Number of protein chains: 2
Amino acid sequence: MGCIGITMGCPVGIGPEIILKFFAARKSGPSGYRPVVLGDLSVMRRTAELLNMDLEIAAWHPGAPVRTGTVPVRNLSDLDPGELAWGRPGIETGRAMAGYIEAAVRMIRNNELAAMVTCPITKKALNLAGYDFPGHTEMLAALSGADEYLMMLAGDRLRVALVTIHEPISRVPELVSRQAVADCVRMTERGLREDFGMEEPRIAVAALNPHGGEQGMFGREEEKVIAPVIRSWNGPGRVSGPWPPDTVFHRAAAGEFDAVVAMYHDQGLIPFKLLHFGDGVNVTLGLPIVRTSVDHGTAYDIAGQGRAECTSLDAAFEMAAAIARNRIRQRGS
Amino acid sequence: MGCIGITMGCPVGIGPEIILKFFAARKSGPSGYRPVVLGDLSVMRRTAELLNMDLEIAAWHPGAPVRTGTVPVRNLSDLDPGELAWGRPGIETGRAMAGYIEAAVRMIRNNELAAMVTCPITKKALNLAGYDFPGHTEMLAALSGADEYLMMLAGDRLRVALVTIHEPISRVPELVSRQAVADCVRMTERGLREDFGMEEPRIAVAALNPHGGEQGMFGREEEKVIAPVIRSWNGPGRVSGPWPPDTVFHRAAAGEFDAVVAMYHDQGLIPFKLLHFGDGVNVTLGLPIVRTSVDHGTAYDIAGQGRAECTSLDAAFEMAAAIARNRIRQRGS
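Counting starts from 1 at the beginning of each chain's written sequence and moves along it residue by residue. Chains and ligands are labelled sequentially in the order written, the chains with letters from A and the ligands with numbers from 1. Under the rules for a predicted model, residues below a pLDDT of 70 receive no local features and side-chain atom pairs below 80 are neither given nor counted, while totals for whole chains, interfaces and linings still include all residues. The side-chain figures draw on all heavy atoms in the structure; neither hydrogens nor water molecules are used.

*Asks:* For this particular structure, what's the right way to read the overall build of chain A?
*Replies:* Of the regular secondary structure elements, chain A holds 11 helices and 12 strands. In terms of principal-axis extent, the alpha carbons of chain A reach across some 65 × 40 × 35 Å. Three exposure classes are used, based on accessible area relative to the maximum for each residue type with a 1.4 Å probe and protein chains only: buried under 20%, partly exposed in between, and exposed over 50%. Taken over 333 residues, chain A has a buried fraction of 58%. Only the protein chains shown count as cover for residues, with accessible areas throughout obtained via the Shrake-Rupley method and a probe of 1.4 Å. Here chain A has roughly 13400 Å² of accessible surface; of this, 46% comes from carbon and sulfur atoms. His is not counted, nor are the chain ends; Lys and Arg add positive charge and Asp and Glu add negative charge. Positions of charges follow a simple convention, taking NZ of Lys, CZ of Arg, CG of Asp or CD of Glu. Side-chain charges in chain A split into 34 positive and 38 negative, and the spacing between the mean points of these groups amounts to 3 Å. In this text, helices come from DSSP runs of H or I with a minimum length of four residues, and strands from runs of E with a minimum of two, each type numbered from the N-terminal end.

This is the structure in structure tokens:
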């Protein structure tokens with residue numbers, strides 16, 4: 001069924017370690033897709049030695065079969081592990097890391113990979129290498145030629161899409177515009193249909209204010225901005241709200257909604273991390289390629305110590321596989 | 001060990017029903033305190049008939065023993081159940097409901113009750129009866145002569161105190177002042193020591209902005225307002241933060257903190273209701289009397305239908321008993 005590429009992420013973060021743990025724990029897997037690593041052979045081998053993990057790490061090339069029981073690595077850099085220090089990215093590691101991402105996009109376009117799963121990078125490491133993107137997702141959007149995209153956090157119990165992301169609370173009310181809410185609802189609905197294979201997704205739109213503004217007593221953004229977007233919705237999915245924020249996530253987790261459109265970062269992330277700490281997946285909707293990501297960072301403070309866990313990577317891999325299958329079914333491509 | 005009074009709340013809400021269910025399900029209970037109802041005998045009896053609940057509902061007077069197997073009711077109003085309609089409060093029900101609350105405070109002061117647990121009322125019903133309080137808690141503060149108080153939501157896994165409550169998101173940043181944060185931290189710490197019996201409570205103060213402002217990139221309230229309050233803390237408990245909001249509740253639920261001080265309603269209520277939907281308790285800290293409350297409303301839409309659950313009332317009763325015991329131990333009173 002083809003391969004899914006896992007980019008190694010920052011070579012001095014926890015990426016190499018969680019990839020090794022992912023392969024060590026991996027059974028044949030329900031996905032049907034084979035995981036392959038886009039990264040650095042020497043770094044992977046050195047990490048395995050350091051952690052005393054008895055894994056055969058083998059060079060792999062696009063189109064070649066994946067040998068069972070090995071960790072197949074497409075070698076895309078020639079870093080010298082002796083020169084690297086955990087938690088200390090430099091120009092070389094930054095360039096290498098960016099190269100894994102570029103290669104993944106290229107290989108998906110060449111049909112050598114069905115999807116990509118990304119291990120964490122930092123903006124700092126990206127900038128050291130001379131790339132001016134604010135983050136991973138913006139870089140992938142540019143590389144894949146997407147003119148819009150949406151971050152969704154997805155787990156078994158809860159899926160959350162964000163209207164605003166990294167903004168101070170004081171700026172959130174002005175940024176929650178009809179256009180921003182409408183775009184988020186539209187991309188969420190399409191993503192649930194095409195990527196998650198739902199015929200008629202049920203999307204709950206959260207209110208901005210407590211109790212949904214309580215008839216204007218605690219704010220009017222609900223009636224002025226959010227409700228009109230919901231009323232004018234005419235797509236195939238079912239869009240409802242604005243719902244009181246303090247109960248909508250409970251209702252979604254209980255199965256009443258397939259996703260919640262949240263107005264700001266913590267409105268969505270607080271409940272998501274409470275239910276999915278460690279096993280959440282960050283999915284980028286709206287890209288022409290399939291991309292999921294672990295929902296944690298490079299964790300420089302614990303890199304190289306054997307303390308990182310691969311539960312989010314496990315979940316991100318299975319979700320990428322599911323999305324790749326759904327897209328084939330939905331779009332025939 | 002004495003009695004704890006349960007006020008019946010709005011007579012046409014779900015109060016009478018959840019009280020009956022509470023008594024029906026009640027075993028001898030770990031609390032040691034006896035529950036007694038402050039309400040209306042006729043309404044309680046009529047509700048039991050309506051719901052086919054075979055319970056003996058008996059008049060009770062302060063100081064009299066509570067007969068095992070009965071629902072002891074201090075009759076404080078003479079409503080005619082035939083004249084009442086579920087979900088439709090009027091002047092009579094409003095006055096009766098306010099009377100139960102006034103009686104409870106009076107009886108605690110007379111040492112006839114050790115604590116009170118309140119069933120829900122509505123502001124509308126209170127206003128119909130001519131009381132001008134914005135809500136239950138404000139009325140109790142006035143009746144008990146408290147000059148400050150704090151709403152805490154408490155459950156087995158999470159305790160949350162709120163710096164701001166019913167405010168639009170757009171006003172939250174200006175309302176999060178050093179004074180407001182300091183007052184909330186102080187009352188939370190004292191409440192955990194005296195009411196929850198913790199010697200050295202660990203209090204996490206949440207940041208206002210995503211990632212705690214990320215060094216000022218997404219807001220500066222952390223460094224300007226919240227951090228100085230934490231630095232100047234010199235009480236017995238351990239106060240830390242400001243912590244990124246999207247992980248602090250997970251950490252608290254995992255046992256790292258005894259309570260979280262949240263900056264705004266949904267920051268605290270979203271995680272609380274996710275973990276404690278149906279079994280959460282609303283505790284009023286800072287009052288001279290012990291008062292807990294169910295964390296839900298009158299639910300007029302399902303009143304009289306037998307669909308309400310008493311899990312929150314169970315939890316509120318046990319928490320009131322625990323607080324009453326702790327106060328005796330701490331204050332010797």
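*Asks:* Would you mind showing me how to read the interface of chain B and chain A here?
*Replies:* Every residue pair with non-hydrogen atoms within 4.5 Å of one another is taken to be in contact. Between chain B and chain A, the residue contacts involve 30 residues of the former and 30 residues of the latter. What gets called buried area is simply the loss in accessible area from a 1.4 Å probe that two parts show on being joined, summed for both. Across the interface of chain B and chain A, roughly 2800 Å² is buried in total on both sides, 72% from carbon and sulfur atoms. Basic side-chain nitrogens of Lys or Arg form a salt bridge, by our definition, when they fall within 4 Å of a carboxyl oxygen of Asp or Glu. At the surface where chain B touches chain A, the tally comes to 2 salt bridges. Between A:K273 and B:D246 there is a salt bridge, with the nearest N and O atoms lying 3.6 Å from each other. In terms of residues, the side of chain B that touches chain A owes the most to one element, helix α10 (residues 265-276) of chain B, which gives 9 residues. The classification used treats Ala, Val, Leu, Ile, Met, Phe, Trp, Tyr, Cys and Pro as nonpolar, Asp, Glu, Lys and Arg as charged, and all other residues, Gly among them, as polar. Here the residues of the side of chain B that touches chain A sort into 16 nonpolar, 9 polar and 5 charged.

*Asks:* Even after reading the chapter, I still don't get the packing of aromatic side chains, so can you show me in this structure?
*Replies:* Aromatic ring pairs are reported here in terms of the distance separating the ring centres and the angle at which the planes meet. Residue and element names in this part refer to chain A. Stacked, edge-to-face and tilted labels apply to pairs of Phe, Tyr and Trp rings (six-membered ring for Trp) whose centres lie within 6.5 Å, assigned for plane angles under 30 degrees, over 60, and everything in between, in that order. In the structure shown here, the tally under the stated rule is 7 aromatic pairs over all chains. Judged by centre distance (5.3 Å) and plane angle (85°), the rings of F22 and F23 are edge-to-face. Aromatic ring contacts, followed pair by pair, group F22, F23 and F317 into a single cluster. Sitting over a ring, as applied to charges here, requires NZ of Lys or CZ of Arg to be within 6 Å of the ring centre and within 35 degrees of the ring normal. Directly above the ring of W243 sits R251, whose terminal nitrogen or CZ lies 4.1 Å from the centroid.

*Asks:* Can you help me understand the pairing of strand β2 (residues 34-39) of chain A in this one?
*Replies:* Residues and elements named next belong to chain A. Of all the 6 residues making up β2, 5 are buried; the element is thus mostly covered by neighbouring parts of the structure. Here, a strand pair is defined by DSSP locating no fewer than two bridges between the strands. The pairing of strand β1 (residues 3-7) with β2 spans 5 bridges and is parallel. Paired with C3 across the bridge in β2 is R34. Summarising the sheet, β2 and strand β4 (residues 70-75) pair through 3 bridges and their orientation is parallel. Its bridge partner being in β4, V37 is matched across the sheet by V73.

*Asks:* How should I be thinking about the relation of the copies chain B and chain A in this particular structure?
*Replies:* Here the second copy of the chain follows from the first by a rotation about an axis and a shift along it. When the copies are superposed, the least-squares fit draws on C-alpha atoms of residues that have pLDDT of at least 70 in both. Under the fitted operation, chain B is carried onto chain A by 0.0 Å of movement along the axis and a turn of 180°, and the coordinates agree to an RMSD of 0.0 Å. Overall, the copies show the geometry of a two-fold rotation axis. Take the interface residues of chain B: 100% of them recur as interface residues in chain A, which is what a same-surface contact looks like.

*Asks:* Would you mind going over the sheet that holds strand β11 (residues 281-285) of chain B with me for this structure?
*Replies:* Backbone hydrogen bonds are what pair the strands of a sheet, in a parallel or an antiparallel way. All names here are of chain B. Sheet architecture is open: 12 strands sit in the order β3-β4-β2-β1-β5-β12-β11-β6-β7-β10-β8-β9, paired in mixed fashion. Of all strands in the sheet, those bounded by a partner on one side alone are β3 (56-59) and β9 (238-243). Pairs of neighbouring strands in the sheet enclose a mean axial angle of 30°, with direction left out of account. Examined bridge by bridge, strand β8 (residues 202-206) and β9 share 4 bridges and lie parallel to one another. Axis angles are defined between N-to-C directions and span 0 to 180 degrees, where every axis is a line fitted to C-alpha atoms and, for a helix, only to the segment in contact.

*Asks:* Help me understand the domain arrangement of chain A, please; the structure alone is not making it clear to me.
*Replies:* A common way to report how large an interface is uses the accessible area buried once the components associate. Residues and elements named next belong to chain A. For every domain, the bounds stem from an assignment made automatically or drawn from a database. One can read the domain layout of chain A as domain 1 (1-146 + 290-333) and domain 2 (147-286). Using only C-alpha atoms to locate each centre, domain 1 and domain 2 end up separated by 29 Å. Between domain 1 and domain 2, the contact holds 21 residues from the first and 23 residues from the second. When the buried area of domain 1 at its contact with domain 2 is split by residue, A146, D295 and M319 rank highest and sum to 31% of it. One salt bridge in this structure joins R327 and D195, with 2.6 Å as the shortest N-O distance. In protein, a polar contact means a hydrogen-donor-capable atom and an acceptor-capable atom, both N or O and within 3.5 Å, with residues adjacent in sequence counting only if both atoms are side-chain atoms; elsewhere, any N or O pair within 3.5 Å suffices. At the boundary of domain 1 and domain 2, one finds 7 residue pairs in polar contact (both at pLDDT 80 or more). Among the secondary structure elements, those contributing two or more residues to the side of domain 1 that touches domain 2 are α5 (136-144), β12 (291-294) and α11 (311-331). Counting residues per element, the side of domain 1 that touches domain 2 draws most heavily on α11, at 11 residues. Grouping the constituent residues of the side of domain 1 that touches domain 2 by class yields 8 nonpolar, 8 polar and 5 charged.

*Asks:* How do you make sense of the pattern of salt bridges when you look at a structure like this?
*Replies:* One side chain can pair with another of opposite charge once the charged atoms of both are near each other. Evaluation of the coordinates by the stated rule reveals 32 salt bridges over all chains. The shortest N-O distance in the salt bridge between A:R171 and A:E167 comes to 3.7 Å. Taking the relative accessible area as the measure of exposure, A:E167 reaches 24% and is therefore partly exposed. A salt bridge links B:R95 to B:E92, with the nearest nitrogen and oxygen atoms 3.8 Å apart. Of this pair, B:R95 and B:E92 are both found in helix α3 (residues 91-109), 3 residues apart, which corresponds to roughly one turn of the helix.

*Asks:* Just checking my understanding: could you explain helix α7 (residues 178-194) of chain B for this structure?
*Replies:* Every α-helix carries 3.6 residues per turn, so stepping three or four residues along brings you back to the same face. What a helix should span is 1.5 Å times the count of its residues minus one. Spanning 17 residues, α7(B) covers 24 Å between terminal C-alpha atoms, matching the ideal 24 Å at 1.5 Å per step. All of the buried residues along α7(B) are B:V181, B:C184, B:V185, B:M187, B:T188, B:E189, B:G191, B:L192 and B:E194.

*Asks:* Help me out: how do you make sense of the state of the cysteines in this one?
*Replies:* Note on terminology: disulfide describes a covalent bond linking the sulfur atoms of two cysteines. Residues and elements named next belong to chain B. By convention in this document, the label disulfide applies to cysteine sulfur atom pairs within 2.5 Å. Using the criterion set out here, one finds 0 disulfides over all chains in the structure. Cysteine C10 shares no disulfide, and the gap to the nearest cysteine sulfur, in C119, comes to 11 Å. Under the relative-accessibility criterion, C10 is labelled buried at 0%.

*Asks:* When you look at unusual backbone geometry in this model, what are you seeing that I'm missing?
*Replies:* It is generally the case that most residues other than glycine have a negative phi and that most peptide bonds are trans. The omega torsion across A:G241 and A:P242 is -10°, close enough to zero to call that bond cis. As for its placement among the helices and strands, A:P242 is situated in strand β9 (residues 238-243). The phi angle at B:N52 is positive, at roughly 55°, despite the residue not being glycine. Along the polypeptide, B:N52 turns up in the loop between α2 (41-50) and β3. One non-glycine residue, B:E214, lies in the positive phi region at around 45°.

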